[in-house]
Amino acid sequence: MADAQVLTHRLRDALESLDRPRIEELFRLAVGRQAPLQVIENLIVPALVEIGEAWADGRVALSQVYMSSRICEELVARLLPPSVPVRKGQLRQAIAVLGDYHLLGKRIVLSVLRASGFDILDYGRMEADELVDRALADDLQILLISVLMLPSALKVREVRAAFEERRRPIRIGVGGAPFLFDDGLWREVGADAMGRNAADGIAMVRRWAGEVSS
Amino acid sequence: MTPQQRVQAAMAHRQPDRVPVFLLATMHGAKELGLGIREYFSRAEHVIEGQLRLQAKYRGDCVSASFYSALEAEAFGCETMFIEDGPPNCAGPVLRRDEDIDRLRPPRVIETPGLLRVLEAIRGLKERLGGRLPILGSAIAPFSLPVMQMGFARYIELIYEQPRRLARLMAVNRRFCVAWANAQLAAGATAVGYADPVSSTTIVPRDLYLRTGHRVATSTLARIKGPTAYHLASGRGLPIARDIAATGAVAVGVSALDDLAAWKAAVGDRVTLVGNLNGVAMRRWTAADAEGEVKRAIAAAGRGGGFILADSHGEVPWQVPDEVLLAIRAAVERWGRYPLDWTGG
Ligand code: B12
């Protein structure tokens, strides 16, 4: 255990400083010792979680978060062919940018979720009505929404209202700058949870999968 | 004191009669005129009239001639998408491939209708106000503009992986930024806000900033012929507070996520601090919340001058009601009178 933690911290440091040779070395070391899924579970995901949390606290910068998530996505792709479903008991889930043109937050969350072995549809950017139609058509159980602007955050209300009207208990998880500046906003717009970083996205999706299966 | 004298005293780190307050409502003028946001920004006269009415209503210590950030991306060919209840956004990148940077040329201010509208608004405001109230212009930093020119993800990759292309892009953007800022000063702007959120520690770590955004800022600000306010647009900046103070800017916008007193301690009287009310949360403030927040900020940074109360982004969201802005204004009247004995200093 302690050993795994040391490795996680080392990987985190290497990712933060974008030290590619060191990242490769740590990756090889882990792959030599553990099965692919364990490397993801015990090394890559915890390192990404630590980096995400450090960003939310202002200890690392977004550029480091983004580059780390991109590198980890590559590492995971090398471990697992993309078409093989890795995790059991996953819910039908998707992520979208609502209303505005800022795709980076979603991209990071998506790549961290995928790097963690979660299967999740990418809806790209959509307006509220389009998003509702698509979510219903895909019979989603979880919808993650990312926004940059306050007016877009307020549109989550419309999505929630449309789901309620059709009595569809789709869980909505939100994230993005407006929610970071106003910590009561996610409740106000009818979301079920708010994530301060991509790591919170993992926690959300895991928790809901557990609730549904139990 | 006129607002201009009040702001000048504060910026000289002397105590004016009271803490100056900037209520930077760029869009609220549309409500005053009964116009949609798109229509409002389509004519300089609207913005002139809107800013004057807002000034009469809130009695803030400046007027703002900023329209919206996507305007500068428009100059490079980006398309702007308007919405009904907030600022428009740049709809997508124009530099679709990295090689496009190699051929990029700075657009000319006089050939860009949107920018000419801003200059017309500045001239109109100057005509109506004379030297009584500061008129604030704004320009996006060369280091922050690429998010709109090429998309955020690709830009971060460029920063890390293609230093020579980055240098070329910075050179083009700097030429544009300097020309744009100087045109606003020539039209009558008192100072120019230098919007550089990508340099905030929210987005890049300090060591990278010192090699990139900081150098770009120092060389850009040196060519701008008037006072500049460095704005991180509510990105965090405490770890680079002293670095920013060394860029040549006379003021700096502080994030609601940063500790204002710690900023004051870090920069002393080298720059004037502007901030740091939380504009996003402001929408739901009661009068008592507003008063509490105003007191907090003044107590943290008001003493000895060198402080202007404002929101932390440099733009109050459309959703913030008049009552809140008026409550902020009333609280400044009540708690902002120097010598601020109540702060215990
Ligand atoms: C850098 C920045 C800019 C840059 C780049 C913005 C961009 N991406 O296009 C520039 C200079 C271009 C800019 C301009 C503008 N900006 Co700006 N900007 C910022 C700043 C400092 C950081 C935003 C950012 O890109 N962060 C990086 C991304 C990746 O972070 P993120 O989206 O938050 O995502 C992370 C987490 O939130 C989380 N997350 C995100 N989504 C989700 C979803 C789920 C499910 C989960 C679990 C987690 C999660 O994980 C991500 C990774 O850790 C913020 C203030 C701040 N401190 O955050 C203001 C801010 C976003 N800007 C704002 C505004 C208003 C604008 C403008 C509209 C201003 C104007 N009037 O023109 C323009 C729009 C420009 C455009 N795109 O057309 C406002 C938006 C709120 C509001 N008032 O409506 C903010 C919040 C400032 C403020 N406090 O008011 N801006």
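Along each chain, residue indices are assigned from 1 in the same order as the chain's sequence is written. Just so you know, chain letters begin at A and ligand numbers begin at 1, following the order they were written in. Where totals are concerned, whole chains, interfaces and linings use all residues; where local detail is concerned, this predicted model gives features only for residues with pLDDT of at least 70, and gives and counts side-chain atom pairs only at 80 or more. To obtain the side-chain values, all non-hydrogen atoms of the structure were used and water was disregarded.

Section: the site of the ligand
- Nearness is judged by heavy atoms alone; a residue qualifies as near a molecule or strand once a single heavy atom is within 4 Å of it. Residues in close proximity to the ligand total 44 residues, the closest being His102 and Ser146 of chain A together with Ser69, Cys90 and Glu315 of chain B.
- Any pair of nitrogen or oxygen atoms within 3.5 Å is treated as a polar contact; in protein, a donor-acceptor pairing is required on top of that, and neighbouring residues in sequence qualify only through side-chain atoms on both sides. Leu150 of chain A is positioned with one of its backbone polar atoms (N or O) 2.8 Å from an oxygen atom of the ligand.
- The backbone of Ala177 of chain A places a nitrogen or oxygen atom 3.5 Å from an oxygen atom of the ligand.
- Runs of E in the DSSP output that reach at least two residues are strands. Runs of H or I that reach at least four are helices, and both are numbered from the N terminus. Only α5 (104–115), β3 (142–146), α7 (150–154), β4 (171–175), α9 (177–181) and α11 (198–213) of chain A together with β4 (89–90) and α8 (146–150) of chain B provide two or more residues apiece to the shell around the ligand.
- Here the shell around the ligand takes 4 residues from α5 of chain A, the largest share from any one element.
- When residues are sorted by character, Ala, Val, Leu, Ile, Met, Phe, Trp, Tyr, Cys and Pro go into the nonpolar class, Asp, Glu, Lys and Arg into the charged class, and all the rest, Gly among them, into the polar class. Partitioning the shell around the ligand into residue classes produces 28 nonpolar, 14 polar and 2 charged.

A few points about unusual backbone geometry
Residues and elements named next belong to chain B.
- With an omega of -25°, the peptide bond between Gly275 and Asn276 qualifies as cis.
- Position of Asn276 relative to the elements: it lies in strand β9 (residues 272–277).
- Phi is positive for His13, close to 60°, though the residue is something other than glycine.
- Mapped onto the elements, His13 comes out in the loop between α1 (3–11) and β1 (21–22).

Looking at the packing of α5 of chain A against α11 of chain A
Residues and elements named next belong to chain A.
- Look at α5 against α11: their axes get within 8 Å of each other, and the N-to-C directions meet at 55°. Here α5 is positioned oblique relative to α11, judged by the angle of their axes. Our pair here, α5 against α11, has a crossing hand that is right-handed. Mapping the contact onto sequence places Ile108, Val109, Val112 and Leu113 in α5 and Ala198, Gly201, Ile202 and Val205 in α11.
- For the contact of α5 with α11, a count of residues per class yields 7 nonpolar, 1 polar and no charged. Axis angles are defined between N-to-C directions and span 0 to 180 degrees, where every axis is a line fitted to C-alpha atoms and, for a helix, only to the segment in contact. Under this scheme an angle from 65 to 115 degrees is roughly perpendicular, one under 35 degrees roughly parallel, and one over 145 degrees roughly antiparallel; angles in between are oblique. Each helix crossing is assigned a hand: it is left-handed if the near helix lies turned anticlockwise from the far helix by less than a right angle, otherwise right-handed if that turn is clockwise. Contacts are residue-level and defined by heavy atoms, with any inter-residue pair within 4.5 Å sufficient.

Concerning α1 of chain B
Residue and element names in this part refer to chain B.
- Relative accessibility thresholds used throughout: buried, under 20% of the residue-type maximum; exposed, over 50%; partly exposed, between the two (1.4 Å probe, protein chains only). Along α1, the residues classified as buried are Pro3, Gln4, Arg6, Val7, Ala9 and Ala10.
- Those residues of α1 that are buried lie in contact with β1, β9 and β10 (307–311).
- At the C-terminal side of α1, His13 shows a positive phi close to 60°.

Some words on α5 of chain A
All names here are of chain A.
- Between its terminal C-alpha atoms α5 stretches 16 Å, which fits the 16 Å expected from 12 residues at 1.5 Å a residue.
- Most of α5 sits inside the fold, with 9 of its 12 residues counted as buried.
- Along α5, the residues classified as buried are Leu104, Lys106, Ile108, Val109, Leu110, Ser111, Val112, Leu113 and Ala115.
- Following α5 by one or two positions, Gly117 adopts a phi angle in the positive range, close to 85°. For a helix, the expected span equals 1.5 Å multiplied by the number of residues minus one.

Some words on the packing of aromatic side chains
- Ring geometry is summarised as follows: Phe, Tyr and Trp rings, the Trp one being its six-membered ring, pair when their centres sit within 6.5 Å, and such pairs are stacked at plane angles under 30 degrees, edge-to-face over 60 and tilted between the two. Under the counting rule described, the total for this entry stands at 8 aromatic pairs over all chains.
- Note on Phe143 of chain B and Tyr155 of chain B: the rings are 6.0 Å apart at their centroids and 65° apart in plane angle, and the pair reads as edge-to-face. You can see Phe143 of chain B sitting in the loop between β5 (135–140) and α8 and its partner Tyr155 of chain B sitting in helix α9 (residues 152–161), a full 12 residues away along the chain.
- Of the residues examined, Phe143 of chain B reaches a relative accessible area of 0% and is grouped as buried.
- Residue Tyr155 of chain B is classed as buried on the basis of its relative accessible area of 0%.
- Among the aromatic residues, ring-to-ring pairing joins Tyr40, Phe41, Phe67, Tyr68 and Phe82 of chain B into one connected group.
- Consider the ring centre and the ring normal. A charge sits over the ring if Lys NZ or Arg CZ is within 6 Å of that centre and within 35 degrees of that normal. Stacked on the ring of Tyr101 of chain A, the Lys or Arg Arg125 of chain A has its end atom at 4.0 Å from the ring centre.

A closer look at the confidence of the model for chain B
- Here chain B averages 97 in pLDDT, and 100% of its residues register 70 or above.
- Under the prediction, the complex receives an ipTM of 0.95, its pTM being 0.97. pLDDT is a per-residue confidence score from the predictor, ranging from 0 to 100.

Notes on the nonpolar core
- Take the buried Ala, Val, Leu, Ile, Met, Phe, Trp, Tyr and Cys residues and link them wherever side-chain atoms come within 4.5 Å; each set so joined is a nonpolar core. Formed by 164 residues in total, the largest nonpolar core has its most connected members in Tyr230, Leu273, Leu309 and Ile328 of chain B.
- Sorting elements by how many residues they give to this core places helix α10 (residues 163–187) of chain B first, with 11 residues.
- The contact partners of Ile328 of chain B, leaving out residues within four places of it in the chain, are Leu23, Leu277, Met282, Trp285, Ala290, Val294 and Leu309 of chain B.
- If you look at the next biggest cluster of nonpolar residues, it comprises 32 residues, including Leu136, Phe163, Ile172 and Phe181 of chain A.

Details of the pattern of salt bridges
- Here, a salt bridge means any side-chain nitrogen of Lys or Arg that lies within 4 Å of a carboxyl oxygen of Asp or Glu. All told, the structure shown has 42 salt bridges over all chains when counted by the stated rule.
- Between Arg22 of chain A and Glu25 of chain A there is a salt bridge; the shortest N-O distance is 3.2 Å. Placement of the pair is Arg22 of chain A and Glu25 of chain A together in helix α2 (residues 20–33), with a separation of 3 residues, close to one helical turn.
- Assessed through its relative accessible area of 43%, Glu25 of chain A is described here as partly exposed.
- In the salt-bridge network here, residues are joined through shared partners; they are Arg6, Asp17, Arg18, Asp61, Arg329, Glu333 and Arg337 of chain B.

A short note on the side chain of Asp182 of chain A
- Positionally, Asp182 of chain A belongs in the loop between α9 and α10 (185–188).
- Separated by 3.0 Å, the side chain of Asp182 of chain A and the backbone nitrogen of Gly184 of chain A make a polar contact.
- When near neighbours in sequence (up to four residues on either side) are disregarded, Asp182 of chain A contacts Val280, Ala281, Arg283 and Arg284 of chain B.

Section: the environment of Gln15 of chain B
Residues and elements named next belong to chain B.
- Within the secondary structure layout, Gln15 lies in the loop between α1 and β1.
- Separated by 55 residues in sequence, Gln15 and Ala70 have C-alpha atoms that sit 37 Å apart.
- Residues in contact with Gln15, not counting those within four places in the same chain, are Arg303, Gly304, Gly305, Tyr338 and Pro339.

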